[in-house]
Amino acid sequence: MKVKSTGLSKVEIPMAPMIDIVFQLLIFFMLNLRIIAPEGNFNINLPISAPANAQTDVNLPAIKVALRSDRDGILTQLMIGTTNLGNDDGAFDRLNHEILKIIGKPGNPMTSEIEVELDADYECQYRYTVKAISRCTGRMDPQTQQVARYVEKIKFAPPHKPKG
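All of these numbers come straight from a predicted model, not from anything done at the bench.

> What should I look at first to understand the overall build of the chain in this one?
Helix and strand counts for the chain stand at three helices and eight strands. Walking the chain from its N terminus toward its C terminus, one meets helices and strands in the order α-β-β-β-β-α-β-α-β-β-β. Here the chain, with 164 residues, has 25% of them falling under the buried criterion. Residue pairs in contact within the chain that sit at least 24 positions apart in sequence constitute 64% of those at least 6 positions apart. Counting every atom, the chain has about 12500 Å² of accessible surface; 58% of that belongs to carbon and sulfur.

> Would you mind going over the packing of aromatic side chains with me for this structure?
We describe a pair of aromatic rings using the distance from one ring centre to the other and the angle between the two ring planes. This model, assessed by the stated rule, comprises one aromatic pair. Seen from their ring centres, Phe-28 and Phe-29 are 5.3 Å apart, and the 70 degrees between their planes marks the pair as edge-to-face. On the basis of relative accessibility, which here comes to 47%, the residue Phe-28 falls in the partly exposed class.

> For this particular structure, what's the right way to read the packing of helix α2 (residues 89–103) against helix α3 (residues 126–137)?
When two helices pack together, their arrangement is given by the angle between their axes and by how far apart the axes lie. The N-to-C vectors of α2 and α3 enclose an angle of 30 degrees; their axes lie 8 Å apart at closest approach. When the axes of α2 and α3 are compared, the pair comes out roughly parallel. Note on packing geometry: the crossing formed by α2 with α3 is right-handed. Contact residues: α2 offers Asp-89, Phe-92, Asp-93, Leu-95, Asn-96 and Ile-99, while α3 offers Tyr-128, Lys-131, Ala-132, Arg-135 and Cys-136. When grouped by side-chain class, the residues that make up the contact of α2 with α3 number six nonpolar, one polar and four charged.

> What's the story with the pattern of salt bridges in this structure? I'm lost.
Note that side chains of opposite charge can pair when their charged atoms are close. The final tally for this structure, using the stated rule, is nine salt bridges. Ionic pairing is found between Asp-88 and Arg-94, a salt bridge with its closest N-O pair at 2.8 Å. The partly exposed category is assigned to Asp-88, whose relative accessible area is 40%. With a closest N to O distance of 3.5 Å, Glu-115 and Lys-155 form a salt bridge.

> Explanation requested: the nonpolar core in the structure shown.
Most often, soluble globular proteins keep nonpolar side chains buried together rather than apart. One finds Val-65, Leu-67, Leu-78, Leu-95, Ile-99 and Val-116 to be the most contacted residues of the largest nonpolar core, which totals 24 residues. For this core, the secondary-structure elements that each account for two or more residues are β2 (63–69), β3 (75–80), α2, β5 (115–120) and α3. Leaving out residues up to four positions away in the same chain, Leu-67 has contacts with Leu-75, Gln-77, Leu-78, Phe-92, Leu-118, Asp-119, Ala-120, Asp-121, Cys-124, Tyr-128 and Ala-132.

> So what exactly am I meant to see when it comes to a nonpolar patch on the surface here?
On the surface, a cluster of nonpolar side chains totalling about 730 Å² of accessible area is made up of Ile-13, Met-15, Met-18, Ile-19, Phe-23, Leu-26 and Met-30. Along the chain, the position of Ile-13 falls in the segment before α1 (16–32). Note on Ile-13: relative accessible area 57%, which makes it exposed.

> Can you help me understand α3 in this one?
Note: α-helices contain 3.6 residues per turn, so residues at a spacing of three or four share the same orientation. Between its first and last C-alpha atoms α3 spans 17 Å; for 12 residues at 1.5 Å apiece the expected length is 16 Å, and the two agree. The positive-phi residue at the C-terminal boundary of α3 is Gly-138, with phi of around 155 degrees.

> Can you help me understand the side chain of Glu-117 in this one?
If you trace the backbone, Glu-117 turns up in strand β5. When its relative accessible area of 13% is taken as the criterion, Glu-117 is described as buried. Filtering out sequence-adjacent residues up to four positions away, Glu-117 remains in contact with Ala-62, Ile-63, Lys-64, Val-65, Lys-155 and Ala-157.

Rules behind the numbers
- Residues numbered from 1 in each chain as written.
- Predicted model: local features only at pLDDT ≥ 70, side-chain atom pairs only at ≥ 80, totals over all residues.
- Heavy atoms only, no water.
- Helix = DSSP H or I, 4+ residues; strand = E, 2+ residues; numbered from the N terminus.
- Buried < 20%, exposed > 50% of the residue type's maximum accessible area, 1.4 Å probe, protein only.
- Contact = heavy atoms within 4.5 Å.
- Areas by Shrake-Rupley, 256 points an atom, 1.4 Å probe, with all protein chains shown as cover.
- Phe/Tyr/Trp six-rings, centres within 6.5 Å; stacked < 30°, edge-to-face > 60°.
- Axes fitted to C-alpha atoms, helices over the stretch in contact; angles between N-to-C directions.
- Parallel < 35°, antiparallel > 145°, perpendicular 65-115°, else oblique.
- Left-handed = near helix turned anticlockwise from the far one by under 90°.
- Nonpolar A, V, L, I, M, F, W, Y, C, P; charged D, E, K, R; others polar.
- Salt bridge = Lys/Arg side-chain N within 4 Å of Asp/Glu carboxyl O.
- Core = buried A, V, L, I, M, F, W, Y, C linked by side-chain atoms within 4.5 Å.
- Patch = residues over 30% accessible without salt bridge, like charges linked within 9 Å, V, L, I, M, F, W, Y side chains within 5 Å.
- Expected span 1.5 Å × (residues − 1).

Structure below.
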C-alpha cells in the first residue's frame with residue numbers, strides 16, 4: 001500500500017475584513033482627537049508688501065516694541081517706545097508690566113483698539129520675537145489658570161536690511 005503525500009496545506013486568512021477594521025479604528029481615533037492650546041489664539045497682522053495706512057475710528061497710537069540684536073541674533077536691547085528694558089529674561093517681564101501700565105487693567109474695553117507694533121531686527125532670533133508676542137498679549141493668571149488678555153492686535157514693522 002502506497003500513501004501519497006499531498007504536501008503542505010495552506011490556510012488562507014481573509015485580509016479584507018482586517019483592513020476594514022483598521023480603517024474604522026483609525027477614523028474613530030482621528031475623530032475623537034482633541035487639540036487644545038492653553039495660550040489661546042494670536043491675532044497677528046503681517047505686512048504684505050508695503051505698509052498700508054491704518055484706518056481706525058479711534059486715533060490711538062500703536063505701542064512700539066523694538067527688539068535689537070547683534071549679528072548672531074542675540075538680543076541686545078528690548079525697548080518699548082524709547083524706554084530700554086534691557087536684554088535679559090527679566091526684560092520680557094518688564095515689557096509685560098509696561099503693557100499692563102498702558103492698558104490699565106486686563107479686559108479693559110479699549111484694549112480691543114490698542115495695537116502693538118513689533119519692530120525686530122532681521123537677525124533677531126525667533127525665540128525672542130515669540131517671547132515678546134507672548135508678553136504683549138497677556139499673562140497666565142496664577143489663581144484661575146486663565147489667560148488675562150492685554151492686547152489682541154499685534155503687527156510687525158516692515159523688515160530691516162540685514163547687518164551683513
